[in-house]
Amino acid sequence: MNFEFEEFSSPEDIFVYMATMAPPMKNMMPVNSYKGYIFAIIPLSPTTGNIYLMIYTKGKLDGKLLEFDMNTKKYKSVESAERADKNYFVVLTPKKNTIADAAIKELETSST
């Protein structure tokens, strides 16, 4: 597997990035909180699955549903996705994620 990386300064920046690239009406998107990183891994070569883009920031989010307002660039925890004018992120906190492990290892190796 090959990885490309794009680092952001905050979770809000990742939410803006993902909200702008999502197709219209797809307002529920996953984001991972794993091993000290908040990230999404996007396949860049869907047919072969060899190249991935990891957009990330350092930090932690609790596993829950977050409502994100693009205009104010703020998010809050909610119980359900009720508004069509908002973007929602499902925070996943896996026990093990082998693709993320490989990406984090490559990221941390290239950073030192």
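Residues numbered from 1 in each chain as written. Predicted model: local features only at pLDDT ≥ 70, side-chain atom pairs only at ≥ 80, totals over all residues. Heavy atoms only, no water.

**Student:** So what about the packing of aromatic side chains? Which residues, and what values?
**Tutor:** Each aromatic ring pair is specified by the distance between its two centres and by the angle formed by the two planes. This structure, assessed with the given rule, holds nine aromatic pairs. Where Tyr 37 meets Tyr 56, the ring centres are 5.8 Å apart and the plane angle is 70°; that geometry is what we call edge-to-face. On the criterion of sequence distance, the pair formed by Tyr 37 in strand S3 (residues 37-43) and Tyr 56 in strand S4 (residues 51-58) is long-range, its members being 19 residues apart. The exposure class assigned to Tyr 37 is buried, which follows from its relative accessible area of 4%. The structure contains a cluster of three or more aromatic residues connected by ring pairs, namely Phe 3, Phe 5, Tyr 37, Tyr 52 and Tyr 56. (Phe/Tyr/Trp six-rings, centres within 6.5 Å; stacked < 30°, edge-to-face > 60°. Helix = DSSP H or I, 4+ residues; strand = E, 2+ residues; numbered from the N terminus. Buried < 20%, exposed > 50% of the residue type's maximum accessible area, 1.4 Å probe, protein only.)

**Student:** Please set out the nonpolar core residue by residue, giving values where relevant.
**Tutor:** Grouped together as the largest cluster of nonpolar side chains are 17 residues, with contacts concentrated most on Ile 14, Phe 15, Met 18, Val 31, Ile 55, Leu 61 and Phe 89. Mapped by element, the contributors of at least two residues to this core are helix H1 (11-21), strand S2 (28-34), S3, S4, strand S5 (65-69) and strand S7 (87-92). Looking at this core, the element that brings in the most residues is H1, giving four residues. Setting aside anything within four residues of it in sequence, one finds Met 18 in contact with Met 29, Pro 30, Ala 40, Ile 55 and Phe 89. (Core = buried A, V, L, I, M, F, W, Y, C linked by side-chain atoms within 4.5 Å. Contact = heavy atoms within 4.5 Å.)

**Student:** Pulling in residues and values, what's your account of unusual backbone geometry?
**Tutor:** Of note in the backbone geometry, Lys 35 takes a positive phi value of approximately 50° without being a glycine. Note that Lys 35 resides in the loop between S2 and S3. A relative accessible area of 55% means that Lys 35 is categorised as exposed. Positioned with a positive phi, Lys 73 is a non-glycine residue whose angle comes to about 55°. Among the structural elements, Lys 73 can be located in the loop between S5 and strand S6 (74-78).

**Student:** Lay out the side chain of Asn 32 in plain terms, naming residues and giving numbers.
**Tutor:** Mapped onto the secondary structure, Asn 32 falls in strand S2. Residue Asn 32 is classed as buried on the basis of its relative accessible area, which comes to 14%. With near-sequence residues (within four places) excluded, Asn 32 lies in contact with Tyr 37, Ile 38, Phe 39, Leu 92, Pro 94 and Asn 97.

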